[in-house]
Amino acid sequence: MNPPVTAPTSATAPGPEAGAAPFTVSEAALAELARITGTSCPPDVRERIVAALAGGPAPLPAEAGLPDDHAVHLRLRRLAESLPGVQEVFSDTELLAEVSACVAAADPSLYMAVLSHYILCAGSVLTLSGGDRPAPVLARLEGARARGVFMVTEIGDASSHLAIRTTATFDPGRREFVLHTPDARAAKFSAVAVLGLPQTAVVCARVLSGGREAGVFSFAVELSDDNGVTVPGVHISDPLSAHALPLAYAVVRFDQVRVPYDNWLRDSADLDADGVPHDPLGTPDARLRRTLSVGQALWATLPTAMAAMARGAAVTTLRHSTHRRSHGRLAPGAPVLTYRTQQHAVLGAVAEAFALSCTAGAARDTWSAAHRPPEGTVAVPDRGTGAAPGRATGAAPGQVRAGAKMTFAPWSAVDRPLAAYKAFTVRETARLAASCQHRSGLAGFLDVNRLQSWQGFAHAFDSAGGDSTLIMLDTGRALATDDVPPEPEAEPETGQGTPHHTLSPADPAWWPAVTRALQRRLTADLRGALRARTEQGLEGLELWNPLLKQAQQLGEVYAHRLAAENLTAAVNGAEEPGVKQALPPLAALYGLLQAHRLSGVLQSTGVLDAPTVTALPALMDDRCDELAPYVPLLAQGMALPEGLAPAPLGADEYAAALVEALDAGASGSVPYGGDPYGTGSYGTGMYGTDPYGTGPHPSHHTNTPPGGAT
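Residues numbered from 1 in each chain as written. Predicted model: local features only at pLDDT ≥ 70, side-chain atom pairs only at ≥ 80, totals over all residues. Heavy atoms only, no water.

**Things to note about the overall build of the protein chain**
Rules: Per the convention used, a helix needs a DSSP run of H or I reaching at least four residues, while a strand needs a run of E reaching at least two, with both numbered from the N terminus. Here the term buried applies to any residue with accessible area under 20% of the maximum for its type, exposed to any over 50%, and partly exposed to those in between, with areas from a 1.4 Å probe on protein chains only. The contact criterion used throughout is that any non-hydrogen atoms of two residues lie within 4.5 Å.
Broken down by element type, the protein chain carries 22 helices and 16 strands. Per-residue burial for the protein chain yields a buried fraction of 59% across its 710 residues. Within the protein chain, counting contacts between residues at least 6 apart in sequence, those at least 24 apart form 76% of the total.

Laid out in structure tokens, this is it:
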């Protein structure tokens, strides 16, 4: 077994004050960190997921020589065998999040298939069937007999979700719908498997009946039968590749495809005997929000997947930097973590990964919390498994805000906090992983070390799952125009000062106070600009076009505020003494780094002055010094489950581990087959029984959930 990661000593990096007792990593501290950063999924369930992803000592014989996309489908089936049925997986937020985290960390391409199958496809069928769930559709999705996909995006126009052109025309004589793509612009784009596999799609289309439009609904559509033969009228293009999200994508068109009435996911709507549509939601926008509300389950669990990737990248890079020596002339032979710039980047990545994990927990809590629908909302069946704190704003979990407006895209109108969590976590994870790549040198860009796949996935998901820029634009617009009174509530201000001026930047509460002040300032500025331009008689695009950057920035700061408050709440809730010591400097470092990145807008708005910004790097140095004794705790407690995503980069002796991995791959002992990243499944013996020398992950060596719950 390799020796554990140790705290930097005074010879390599600043450490604790002289005479301070060395920090000992305890099982209780590891369990506490696992509780804060992970899900409440039972350890035995997690172990089954990890085992299914590992696939045993060799790939399934059936996978040998198959195209990558066929292999993805087989891996999806293998994973499904380790899980309960689709309804239980979708309905259990913690289980769905754990599946998302493990799969995304181990195999990003498979995670794309998982979220399409379990969340968007099966979730739509379970949520929007109106009580008459189509049993044959669910039967095909069970065990991934048929792969489930989701089709909403049309290739011809931007913001196509707001003007879907695919039609579903009701035929009263046969009581069926006729699904049709009017032209190439309306063709759907989706991660549709190559031909030869059974597939079921949920397709979003405009319902037409009796010369009337009934709004956008989802339909469960069989793309290919149980033998993988494409259904007549369904046209699937040759595969399109996207290396950042490696699946077989395609453009799909429908030519008068017949869809049974029971496969209309009609929710609370209906057609009378004459085919006249009746929808209690009342407006096309309300119906569109409801149809796309399945995105809430994605936005609630995607942050957990992003946080897992971020922790994997940060901890792997931390281990690499601890052992990697530099031969720069200032300190020949010193570990790269000696240098302050490396400390800020790498320990900062650990702090950011921890903050993303706290935000992921808040996203799950937001979705899981069950509240009585307030006035002005439409109830949606709750899919959660437990209660949690209330939302920062918007409708309660499991509800669609009936009065929410959509301007640039529908996503923020569906659920503002969850959409913001999605946009924030994918962008922060992509930036974090890219920084870790850079700080690891050439090794950071090798597929075998995984950073490239995590960065590529997070970066590509900036547009997938609801475009992040459009989310931020609509969020900022809503904060300036829809919310009365301003959110968050204003605090007393004195002159140019703000409420945070009484706090030390070393205080974890400082950054949340700064973000609140900045959000108030940006909201006031945007409202003032809107009033001035409205008084000039401007409206629509003329009114908003010069203000779009301000609206986007306000939306981004709103997300920063939520993340800062979630982090502080987690720090304040820590109970184990060692963790209570480690988290305040970690949270403070996070705030200082974010303030440094946003220093331009913070100074231009007067929220921070120049001397405060100038002092930020020295304050970061101090926080890195305070964190030095806790490096072993952070490296072990925030690690991914053992065996889930091994990489040579995290080994004590990187060069030897890389050579060993390559030799094993050349000899065929490492199952690279079907793995688009070439990372394979190294097994627990590649670097010894403990690949990183950090000790078993706490969620794998206890019979009770992390934290000791029974």
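Once the structure has been displayed, the description carries forward.
**A short note on the sheet that holds strand β4 (residues 188–190)**
Going by this rule: The pairing criterion for strands is at least two bridges between them, as found by DSSP. Note on method: axes are straight lines fitted to C-alpha atoms, helices fitted across the in-contact stretch only, with angles between N-to-C directions ranging 0 to 180 degrees.
If you trace the three strands from one edge of the open sheet to the other, you get β4-β8-β7, paired in antiparallel fashion. Only two strands of the sheet have a single neighbouring strand rather than two, namely β4 and β7 (234–236). This sheet shows a mean twist of 30° between the axes of neighbouring strands, independent of strand direction. Two elements, β7 and strand β8 (residues 250–254), share three bridges in a ladder whose sense is antiparallel. When the sheet's bridge partners are listed, Ile 236 is paired in β8 with Val 252.

**Focus: helix α13 (residues 451–460)**
Most of α13 sits out of view: seven of its 10 residues are buried. Next to the buried residues of α13 lie α5 (93–106), α6 (108–128), α9 (295–323) and α12 (416–439).

**Points about the packing of aromatic side chains**
Keep this limit in mind: Ring pairs are drawn from Phe, Tyr and Trp, using the six-membered ring of Trp, whenever the two centres fall within 6.5 Å, and their geometry is named by plane angle: stacked under 30 degrees, edge-to-face over 60, tilted for the rest.
In this structure the tally under the stated criterion is 12 aromatic pairs. When the centroid spacing of 5.2 Å and the interplanar angle of 70° are considered together, the rings of Phe 217 and Trp 264 count as edge-to-face. A residue pair is termed long-range when its members are at least 10 positions apart, and Phe 217 in strand β6 (residues 212–224) and Trp 264 in strand β10 (residues 264–265) qualify at 47 residues. No difference in accessibility class separates Phe 217 from Trp 264, as the two residues are buried.

**Regarding the pattern of salt bridges**
Put simply, the rule reads: Should a side-chain nitrogen of Lys or Arg be within 4 Å of a carboxyl oxygen of Asp or Glu, the pair is scored as a salt bridge.
Under the criterion given, the structure shown has 30 salt bridges. Between Asp 474 and Arg 477 there is a salt bridge; the shortest N-O distance is 3.1 Å. Residue Asp 474 and its partner Arg 477 are both found in helix α14 (residues 468–481); the two are separated by three residues, about one turn of the helix. Note on Arg 477: relative accessible area 4%, which makes it buried. Salt bridges sharing common partners tie together Arg 140, Arg 145, Glu 222 and Asp 226.

**Details of the packing of helix α10 (residues 340–368) against helix α20 (residues 610–627)**
This is how it is decided: The cut-offs work like this: below 35 degrees is roughly parallel, past 145 is roughly antiparallel, 65 to 115 is roughly perpendicular, and the gaps in between are oblique.
Two numbers describe how α10 lies on α20: the axes approach to 10 Å, and their chain directions differ by 70°. Taken together, α10 and α20 sit at an angle that is classed as roughly perpendicular. Counting all contacts with α10, which are made through Arg 340, Gln 343, His 344 and Leu 347, the residues of α20 involved are Pro 617, Met 620, Asp 621, Cys 624 and Asp 625.

**Digging into the pairing of strand β5 (residues 199–209)**
Put simply, side chains in a regular strand alternate between the two faces of the sheet. Among the 11 residues that make up β5, nine are buried, leaving the element largely enclosed by the rest of the structure. Sheet topology places strand β2 (residues 167–171) next to β5; three bridges connect them, and they run parallel. Bridged to Ala 168 within β5 is Val 207. One ladder, built from 11 bridges, connects β5 with β6; its direction is antiparallel. Its bridge partner being in β6, Leu 208 is matched across the sheet by Glu 213. Taking the residues between adjacent antiparallel strands as the criterion, β5 and β6 are bridged by two residues, where Gly 210 takes a positive phi near 60°.

**Describing the pairing of β2**
Burial runs high along β2: four of the five residues are buried. Looking at chain direction, β2 and strand β3 (residues 176–180) are connected through five bridges and run antiparallel. Bridged to Phe 170 within β3 is Phe 177. Between β2 and β3, which pair antiparallel one after the other, the connecting turn spans four residues, and Arg 175 there sits at a positive phi close to 50°.

**What about the side chain of Ser 321?**
Looking at where Ser 321 falls in the secondary structure, it is placed in helix α9. For Ser 321, a relative accessible area of 1% puts it in the buried group. Apart from residues no more than four positions distant in its own chain, Ser 321 is found in contact with Pro 335, Val 336, Leu 337, Gln 342 and Val 346.

**Focus on unusual backbone geometry**
Across the chain, the bulk of peptide bonds are trans and the bulk of non-glycine residues have phi less than zero. Of note, the phi angle at Ser 159 is positive, near 50°, even though the residue is not glycine. Tracing the backbone shows Ser 159 in the loop between β1 (147–151) and β2. The backbone phi angle of Asp 267 is positive, close to 60°, even though this residue is not glycine. With respect to the helices, strands and loops of the structure, Asp 267 is situated in the loop between β10 and β11 (270–271). Taking the relative accessible area as the measure of exposure, Asp 267 reaches 11% and is therefore buried.

**Here we look at the side chain of Ser 468**
For clarity, the threshold we go by: By the criterion applied in these results, polar contacts are pairs of N or O atoms within 3.5 Å in which, for protein atoms, one can donate a hydrogen and the other can accept it, and in which residues neighboring in sequence qualify only through two side-chain atoms.
Structurally, Ser 468 is set in helix α14. Within the local environment of Ser 468, its side chain forms a polar contact with the side chain of Lys 422, the two groups lying 3.0 Å apart. Setting aside anything within four residues of it in sequence, one finds Ser 468 in contact with Lys 422, Ala 423, Val 426, Arg 427, Phe 461 and Asp 462.

**Quick look at the environment of Val 137**
Note on placement: Val 137 falls in helix α7 (residues 135–141). Assessed through its relative accessible area of 7%, Val 137 is described here as buried. With 63 residues separating them in the primary sequence, Val 137 and Thr 200 have C-alpha atoms 7.6 Å apart. Leaving out residues up to four positions away in the same chain, Val 137 has contacts with Val 125, Thr 200, Ala 220 and Asn 263.

**Side note on the confidence of the model for the protein chain**
In regions of low pLDDT, the predicted coordinates are not meant to be interpreted in detail. Counted only if it meets this: By definition, pLDDT measures how confident the predictor is in each residue, and it falls between 0 and 100.
Summarising the model, the protein chain shows a mean pLDDT of 83, and 81% of its residues fall at 70 or more. Confidence drops under a pLDDT of 50 for residues 56–66, and excluding neighbours within four residues, the segment shows 14 contacts in the predicted structure. Low pLDDT, under 50, characterises residues 669–710; the predicted model gives this stretch 115 contacts beyond four residues in sequence or across chains.

**Considering a nonpolar patch on the surface**
What counts is decided by this rule: Patches were defined on residues exceeding 30% relative accessible area and lacking a salt bridge, with like-charge contacts within 9 Å and nonpolar side-chain contacts (Val, Leu, Ile, Met, Phe, Trp, Tyr) within 5 Å. Working definition of accessibility: Shrake-Rupley area with a 1.4 Å probe, residue cover restricted to the visible protein chains.
A surface patch of nonpolar side chains, about 250 Å² in accessible area, is lined by Ile 155, Phe 189 and Leu 240. Residue placement: Ile 155 occurs in the loop between β1 and β2.

**Section: the packing of helix α1 (residues 27–37) against α10**
To keep things clear, this is the line we draw: Under the scheme applied, nonpolar residues are Ala, Val, Leu, Ile, Met, Phe, Trp, Tyr, Cys and Pro; charged residues are Asp, Glu, Lys and Arg; polar residues are all the others, including Gly.
The geometry of α1 relative to α10 is characterised by a closest axis approach of 8 Å and an angle of 60° between their N-to-C directions. The orientation of α1 with respect to α10, classified from their angle, is oblique. Every residue of α10 that contacts α1 at Leu 33, Ile 36 and Thr 37 is listed here: Phe 354, Ser 357 and Cys 358. Per-class residue counts for the contact of α1 with α10 are four nonpolar, two polar and no charged.

**Structural notes on the environment of Ala 334**
One can find Ala 334 in strand β14 (residues 334–335). Among the residues examined, Ala 334 registers a relative accessible area of 11% and is labelled buried. Along the backbone, Ala 334 and Thr 322 are 12 residues apart, and their C-alpha atoms lie at a distance of 9.7 Å. Not counting the four nearest positions on each side in its chain, Ala 334 is found in contact with Arg 324, Arg 325 and Ser 326.

**A short note on the environment of Ala 478**
Mapping Ala 478 onto the fold places it in helix α14. Taking C-alpha positions, Ala 478 is 8.5 Å from Ser 412, a pair spaced 66 residues apart along the chain.

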